[in-house]
Amino acid sequence: GQYMDGMRGVMVISEDNNDYPYKQGIDYNETATLTFMEWYHELADVLIPDFLNLYNPTGAEPIPDNFLMNNTKNMTWEVEPDTTYLLRLVNMGAFVSYWFFIEGHNMTVIEVDGVPVEKYETDKIYITVAQRYTVLITTKDDTSKNYAIMQLVDDSMLDVIPDGLVLNSTYTMSY
């Protein structure tokens, strides 16, 4: 319950060994982390008894009141032009999965859940609860435009969608 009430964070454990497989041939200039989570207006001591209740026979999860990136609804990721970032993506939520992408940018996936993978390029990622991706993203050399960062809720996971619940969030990659 404390986890969903906000007592959470990202811990990055680095290998001292330079021969760690995915680091071979991986060049990047900066690191960054983006986290995804849902937010409830009620605390876990109210939500859990309602969830684990005889009168909830289908096991319907509590519906979140908000979906956040880096613990906010108004996140801006400031980047430098022509820079390669090692970007860690972490779903710190309780049960919702998300689609994630950055307008006009591809990502090269190099690690999934702490396991190095053969590099592949994609324009979007589906990230489930407790899942982690490490990707490389290279920014553009043109600073005349900022780009949208998208966090799209997999709404098939929600039993109901209340009026006013914003499922798709747009953040900013600012040059």
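Everything quoted here is computed from the prediction, not taken from an experiment. (Residues numbered from 1 in each chain as written. Predicted model: local features only at pLDDT ≥ 70, side-chain atom pairs only at ≥ 80, totals over all residues. Heavy atoms only, no water.)

Visitor: What's the story with the sheet that holds strand E7 (residues 115–122) in this structure? I'm lost.
Guide: Within a beta sheet, neighbouring strands are joined by backbone hydrogen bonds and run either parallel or antiparallel to one another. In space, the 6 strands of this open sheet follow the order E2-E1-E4-E9-E6-E7, with mixed pairing throughout. Two strands lie at the open edges of the sheet, namely strand E2 (66–69) and E7, each paired on one side alone. Averaged over all neighbouring strand pairs, the angle between strand axes comes to 20 degrees, with direction disregarded. Note that strand E1 (residues 30–39) and E2 share 4 bridges and pair antiparallel. Counted as the bridge partner of Trp39 is Asn66 from E2. (Pairing = 2+ DSSP bridges. Helix = DSSP H or I, 4+ residues; strand = E, 2+ residues; numbered from the N terminus. Axes fitted to C-alpha atoms, helices over the stretch in contact; angles between N-to-C directions.)

Visitor: Explanation requested: unusual backbone geometry in the structure shown.
Guide: Trans is the common state for peptide bonds, and a negative phi is the common state for residues other than glycine. Positive phi is not limited to glycine here, since Asp113 has a value of about 50 degrees. Among the structural elements, Asp113 can be located in the loop between strand E6 (107–112) and E7. Since its relative accessible area comes to 33%, Asp113 is described here as partly exposed. One non-glycine residue, Ala130, lies in the positive phi region at around 70 degrees. With respect to the helices and strands, the residue Ala130 is situated in the loop between strand E8 (125–127) and strand E9 (132–138). According to the relative accessible area criterion, Ala130 is partly exposed, its value standing at 48%. (Buried < 20%, exposed > 50% of the residue type's maximum accessible area, 1.4 Å probe, protein only.)

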